[in-house]
Amino acid sequence: MSPENPTVFIVDDDVSVLRSLSRLMRQVDYEPRTFASAEEFLSSPDAGLANSCLVLDLRMPGLGGLELQRKLASVPASCPVIFISGDGDIPSSVQAMKQGAVTFLSKPFENEDLLKAIDEALEVHRRSMIARKGKDAILERIRDLTERERDVMSHVISGELNKQIAFHLGISENTVKIHRGRVMAKMNVVSVAELVRHCEQAGFQAASI
């Protein structure tokens, strides 16, 4: 099977479920990786693979599905979760969705429903990875700015004019223009609106006016 095929992690303490879902994944050219416990999954070096999603049983001995989901929430761009359960209650399903699960399927479920959920989860993960790479690139550009350039940028994205920035920073308006031009070039943007969007994506704060 091609390494480019999406990976579907399956975590369930029921061996028969692992086997049947593995067969289903291979039938549609997905790469299944099965784990009999949440702890086994967390110890796997492949748990952070791109182009992947996680099919997760809600109730298991030891670490349960909701607890594993909470642990994964702290990992940047962690793979999306699809919950499956034979005895899921409404509060648990609501909690799972609040914590970002793609969907919650009750056993027994139709294969088509699971495959549809997996397709949705993989698309979510693809977009998340793209957004993460974009954010990382922006953060790298911000790190390349000098301290003064970052000061100027924080005022630019707050909507201040050059003369206002000069007053607040105690420098000449011409110096502001020079730093502003360098900021635009280093940040690889052509407009203030684009600069604002990039800073918002990276979590860079505007100056308080």
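Values in this document were obtained by computation on a predicted structure and should not be read as measured data.

(A) Structural context of unusual backbone geometry. Residue Pro108 follows Lys107 across a cis peptide bond; omega there is -5 degrees. As for its position among the elements, Pro108 is in the loop between strand S5 (103–106) and helix H5 (111–144). Positive phi, normally seen in glycine, also occurs at Asn188, with a value near 60 degrees. Of note, Asn188 is situated in the loop between helix H8 (173–186) and helix H9 (192–202). Judged by relative accessible area, Asn188 falls into the exposed class, the value being 53%.

(B) Region of the structure containing the packing of aromatic side chains. One pass over the structure, following the stated rule, counts 4 aromatic pairs. Note on Phe9 and Phe41: the rings are 5.4 Å apart at their centroids and 70 degrees apart in plane angle, and the pair reads as edge-to-face. Pair noted here: Phe9 is in strand S1 (residues 7–11) and Phe41 is in helix H2 (residues 38–42), with a separation of 32 residues, a long-range link. By the burial criterion, Phe9 is buried, and Phe41 matches it. When the centroid spacing of 5.3 Å and the interplanar angle of 80 degrees are considered together, the rings of Phe35 and Phe41 count as edge-to-face. Phe41 gets classed as buried once you look at its relative accessible area, which sits at 0%. An aromatic cluster of three or more residues is present, and its members are Phe9, Phe35 and Phe41.

(C) Focus on the pairing of strand S4 (residues 81–85). The buried count for S4 comes to 5 of 5 residues, which makes it a mostly enclosed element. The alternating pattern of S4 places Val81, Phe83 and Ser85 and Ile82 and Ile84 on opposite faces, both of which are buried. Note that strand S3 (residues 52–57) and S4 share 4 bridges and pair parallel. Directly across from Asp57, in S4, lies its bridge partner Ile84.

(D) How the structure looks around the environment of Arg127. Mapped onto the elements, Arg127 comes out in helix H5. A relative accessible area of 55% means that Arg127 is categorised as exposed. Counting along the chain gives 109 residues from Arg127 to Leu18, while the straight-line C-alpha distance between them is 28 Å.

(E) Spotlight on the side chain of Glu160. The topology assignment puts Glu160 in the loop between helix H6 (147–156) and helix H7 (162–169). Buried Glu160, no salt bridge; nearest opposite-charge side chain is Arg180, N-O distance 9.0 Å. Separated by 2.6 Å, the side chains of Glu160 and His155 make a polar contact. Within the local environment of Glu160, its side chain forms a polar contact with the side chain of His168, the two groups lying 2.6 Å apart.

(F) Region of the structure containing the nonpolar core. Of all hydrophobic cores here, the largest spans 21 residues; its most connected members are Val8, Leu21, Met25, Val55, Ile82, Leu114 and Ile118. At 6 residues, H5 tops the list of elements feeding residues into this core. Not counting the four nearest positions on each side in its chain, Leu21 is found in contact with Ile10, Val55, Ile84, Phe109 and Leu114. Of all hydrophobic cores here, the second largest spans 20 residues; its members include Ile138, Ile157, Ala166 and Met184.

Reading the values: rules and limits
- Residues numbered from 1 in each chain as written.
- Predicted model: local features only at pLDDT ≥ 70, side-chain atom pairs only at ≥ 80, totals over all residues.
- Heavy atoms only, no water.
- Helix = DSSP H or I, 4+ residues; strand = E, 2+ residues; numbered from the N terminus.
- Buried < 20%, exposed > 50% of the residue type's maximum accessible area, 1.4 Å probe, protein only.
- Phe/Tyr/Trp six-rings, centres within 6.5 Å; stacked < 30°, edge-to-face > 60°.
- Pairing = 2+ DSSP bridges.
- Lys, Arg positive; Asp, Glu negative; His and termini not counted.
- Salt bridge = Lys/Arg side-chain N within 4 Å of Asp/Glu carboxyl O.
- Polar contact = N/O pair within 3.5 Å; in protein donor to acceptor, adjacent residues only side chain to side chain.
- Core = buried A, V, L, I, M, F, W, Y, C linked by side-chain atoms within 4.5 Å.
- Contact = heavy atoms within 4.5 Å.

Any functional reading would require information beyond the geometric quantities listed.
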